[in-house]
Amino acid sequence: MMTMSLPRYTERQRVNQARVLRSEWIKLRTQPSAAWSLAAAMLLIIAFGILYSILREARPPQGAAAIRSFDPVAVSLSGIQLAQIATGVLGVLLVTSEYANGLIRTTLSAVPRRLPVLWAKAAMVAGATVVVTLPAALVAFLAGQSVLSGHHLDVPLGHPGVARAVLGSALYLAVSGLVGLAIGALLRSAAGAISSLFGLFFALPIVAGFLPGSWSGDIGKYLPSNAGLAVTLVHPDPASSLSPWAGLGLFCLYAAILLGLAALRMRGGDAK
Amino acid sequence: MIEIQALTKRYGTTTAVEDLTFTVQPGTVTGFLGPNGAGKSTTMRMILGLDEPTSGSVLVNGHAPRTHNAPLQEVGAMLDPRAVLPSRSAFNHLLALAATSGIRRSRVDEVIDAVGLRAVAGRRAGTFSLGMAQRLGIAAALLGDPATVVLDEPVNGLDVEGIRWIRALLHELAGQGKTVFVSSHLMSEIAQTATHLIVIGRGRLIADTSVAGFIASAAPPVVRVLSSDQPALAGLLRAPDVSVTPADDGALLVSGLSAGQVGAAAAAAGITVLELATEQTSLEDAFVDLTKDAVEYRAATHEEEK
């Protein structure tokens, strides 16, 4: 008869947040769809930034007013609004991939207090997003400015607000990822969560745009994506945008509320 | 040790588990038997702290499951062998699980070797056959050398070699003093593996007994006899507490007498016995008898109700 030959294991095996972080890091590294989401975010930021810069360089602003309102930083960072779906999807997939096949039960039986898993996933989403998209945003900015310099439309990184907009782009994408994670943990289904992300990031601002007159800006600037995007603008327009850090702060608040709801849902009740 | 006390679980208006009370002792393999839909998996999820009981309590090694500080050391489980990320390798699946409790990488190698997955450890778990997936699930359950092992249908879909391997493994684990709790919907399977039995049907406890006791309490054996004069022998044997029924092939099926008594009666009457055998009621029949009122779905009944 075959015998098992499995040695005994007697070392202490307490769960703590640092160990759950390490576990989620291993999962992130070994989940191909996470790498694809991050690669997509990077590609969208760099490719769209360069393409749109080339387009604007070919059709430069005409007239003093147009030149004054031309925002070369926004042009080179135009890929951010597309990349937010990629990082949002990263957040969604990191949690819904575990609910899709019952893996979440294995995970939560190993971490029965449950919430360390959510916090560790949040850290992975935010950390990985900043690490990948900050260099991408910098590359998009530098390449875009180099394209725009043909018509002397470019601005240097040292200009007031410019470095903040580049850094803010990566922070905005990281918080978008957290929103995706929270919605994924709430809905436990990739399809539903990704649809909700599109609604939140794209449909809601469009609907707000249909509102009459000043209502559009007054309400629109408090929407999650509009609020968060303020930090990516060098000169946010007070009529339609919050100030950069207030906007990012509000976006973080939305993400925190969603994560709090996700935590309540995960901690109580059944882990299916 | 698993102590379950007045455990009830409802999902909306459906009652999955109702007022279950039993204890699973360490050092032995306990089978958890019931028809499909009886509430076995629900009970196991509550043992792991995954589902919240509606009422009642579960203690694993003396503690509520959600309060374990070293969960992988307390209870190792396989609920669903397909609960893996299909694109992640078996090794990385185990490595991530081990990391939650700071279990060394070398331990991951040990369990992979022990379940015989060394050659495929780097392969995507989604490409595994059911047998390989079962082994991976068992490897995960054994990572922390847990005091209690809970396996849901571990031999489901395994080949003969795999079934033998699991039986040997379960006995070895029980021999180490672990509490081993294994579910199945097949009596024959569990009878060869477990020494104690918990039987449930429709979420309720039907039996809490040793396997030997369960077999003894099952329907009594039947004696099959073929002789030179069947009608005469039948008339001879009939008595108030003996039943004699003819089988399709002309043999007589006698219950209430032993084979020896039937043979002696035939000899005394000068009837030549051509064939005489004791037929044990199959375990499967005994199980069906015991749970027939508790099977949730039965095609015939269902049709009648319509």
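Residues numbered from 1 in each chain as written. Chains lettered and ligands numbered in written order. Predicted model: local features only at pLDDT ≥ 70, side-chain atom pairs only at ≥ 80, totals over all residues.

A. Region of the structure containing the pairing of strand β12 (residues 252–255) of chain B. Residue and element names in this part refer to chain B. Here β12 shows a buried face lined by Leu 252 and Val 254 and an unburied face lined by Leu 253 and Ser 255. In the sheet, strand β10 (residues 222–227) pairs with β12 via three bridges, with the strands oriented antiparallel. When the sheet's bridge partners are listed, Val 225 is paired in β12 with Leu 252. Two elements, strand β11 (residues 243–246) and β12, share four bridges in a ladder whose sense is antiparallel. Pairing of Thr 245 across the sheet is with Leu 253, part of β12. Where β11 folds back on β12, the antiparallel hairpin that results is connected by five residues, among which Gly 250 adopts a positive phi of roughly 95 degrees. (Buried ≥ 20, exposed ≤ 12 C-beta atoms within 10 Å, placed from the backbone. Helix = DSSP H or I, 4+ residues; strand = E, 2+ residues; numbered from the N terminus. Pairing = 2+ DSSP bridges.)

B. Expanded view of the sheet that holds strand β9 (residues 204–210) of chain B. Residues and elements named next belong to chain B. Sheet architecture is open: six strands sit in the order β5-β6-β7-β3-β8-β9, paired in mixed fashion. On the outer flanks of this sheet lie β5 (75–78) and β9, each paired with one strand and no other. Across the sheet, the mean angle from the axis of one strand to that of its neighbour is 15 degrees, orientation sign disregarded. Both strand β3 (residues 28–33) and strand β8 (residues 196–201) contribute to a ladder of four bridges, which runs parallel. (Axes fitted to C-alpha atoms, helices over the stretch in contact; angles between N-to-C directions.)

C. Structural detail: the confidence of the model for chain B. All names here are of chain B. Mean pLDDT over chain B works out to 89, with 93% of the residues at or above the 70 mark. pLDDT under 50 marks residues 297–306. Its contacts with residues more than four places away, or in other chains, come to two contacts. Overall fold confidence (pTM) sits at 0.88, and the ipTM for the predicted complex is 0.93. (pLDDT = per-residue confidence, 0-100. Contact = placed C-beta atoms within 7 Å.)

D. Region of the structure containing the interface of chain A and chain B. Each side of the interface is counted separately: chain A has 37 residues, and chain B has 44 residues. At the level of secondary structure, the elements contributing two or more residues to the side of chain A that touches chain B comprise α1 (17–29), α5 (80–101) and α6 (103–110) of chain A. Considering only residue class, the side of chain A that touches chain B consists of 16 nonpolar, twelve polar and nine charged. (Nonpolar A, V, L, I, M, F, W, Y, C, P; charged D, E, K, R; others polar.)

E. How the structure looks around the sheet that holds strand β1 (residues 2–11) of chain B. Residues and elements named next belong to chain B. Pairing in this open sheet of three strands is antiparallel, and the strands run β2-β1-β4 from one edge to the other. Two strands in the sheet have a free side with no partner beyond their single neighbour: β2 (14–24) and β4 (55–60). Taking the axes of each pair of neighbouring strands and ignoring which way they run, one obtains an average angle of 20 degrees across the sheet. In this structure, β1 lies alongside β2, joined through seven bridges in antiparallel fashion. Each residue of the ladder has a partner; that of Ile 4, found in β2, is Phe 22.

F. Main features of the nonpolar core. One finds A:Ile45, A:Leu178, A:Ala182, B:Leu94 and B:Ala139 to be the most contacted residues of the largest nonpolar core, which totals 154 residues. Here this core takes 16 residues from helix α8 (residues 162–187) of chain A, the largest share from any one element. In this structure B:Ala139 touches B:Leu94, B:Val111, B:Ile112, B:Val115 and B:Leu117, once residues within four positions along its chain are discounted. One finds B:Leu237, B:Leu252, B:Leu257 and B:Val262 within the second-largest nonpolar core, a separate group that totals ten residues. (Core = buried A, V, L, I, M, F, W, Y, C linked by C-beta atoms within 7 Å.)

G. Molecular detail of the domain arrangement of chain B. For chain B, the assigned domains read domain 1 (2–217) and domain 2 (222–280). Here the C-alpha centroids of domain 1 of chain B and domain 2 of chain B sit 46 Å apart. (Domains from an automatic or database assignment.)

H. Summary view of helix α6 (residues 160–175) of chain B. Residues and elements named next belong to chain B. The end-to-end C-alpha distance of α6 is 23 Å, a good match for the 22 Å that 16 residues give at a rise of 1.5 Å each. Listed as buried for α6 are Trp 165, Ile 166, Leu 169, Leu 170, Leu 173 and Ala 174. Buried residues along α6 cover an arc of 165 degrees about the axis, so they all sit on one side. What points out from α6, more than 90 degrees from its buried face, is the exposed set Val 160, Glu 161 and Gly 175. As for α6, its buried residues are in contact with β3, β6 (148–151) and β7 (179–184). Following α6 by one or two positions, Gly 177 has its phi on the positive side, about 90 degrees. (Expected span 1.5 Å × (residues − 1). Arc of directions from axis to C-beta.)

I. Fine view of the packing of helix α3 (residues 90–99) of chain B against helix α4 (residues 105–115) of chain B. Residue and element names in this part refer to chain B. Put simply, α3 and α4 touch, their axes get as near as 10 Å, and they point 130 degrees apart. On the basis of the axis angle, α3 is oblique to α4. The two elements α3 and α4 meet at a crossing, and its hand is right-handed. Note on element contacts: α4 touches α3 through Arg 105, Arg 107, Val 108, Val 111 and Ile 112, opposite Phe 91, Leu 94, Leu 95 and Ala 98. Along the lines of polarity and charge, the residues of the contact of α3 with α4 split into seven nonpolar, no polar and two charged. (Parallel < 35°, antiparallel > 145°, perpendicular 65-115°, else oblique. Left-handed = near helix turned anticlockwise from the far one by under 90°.)

J. Spotlight on the environment of A:Met42. All names here are of chain A. Within the secondary structure, Met 42 sits in helix α2 (residues 32–58). Taking the C-beta count within 10 Å as the criterion, Met 42 has 20 such neighbours and is therefore assigned buried. Taking the C-alpha atoms as reference, Met 42 lies 5.6 Å from Ala 136; in sequence the two are 94 residues apart. Met 42 has contacts with Val 132, Thr 133 and Ala 136, leaving out every residue within four places of it along the chain.

K. Structural view of unusual backbone geometry. The backbone phi angle of A:Arg188 is positive, close to 60 degrees, even though this residue is not glycine. As for its position among the elements, A:Arg188 is in the loop between α8 and α9 (190–209). A:Arg188 gets classed as partly exposed once you count the C-beta atoms within 10 Å, which come to 18. Phi at B:Glu153 is positive, roughly 50 degrees, even though this residue is not glycine. The topology assignment puts B:Glu153 in the loop between β6 and α6.

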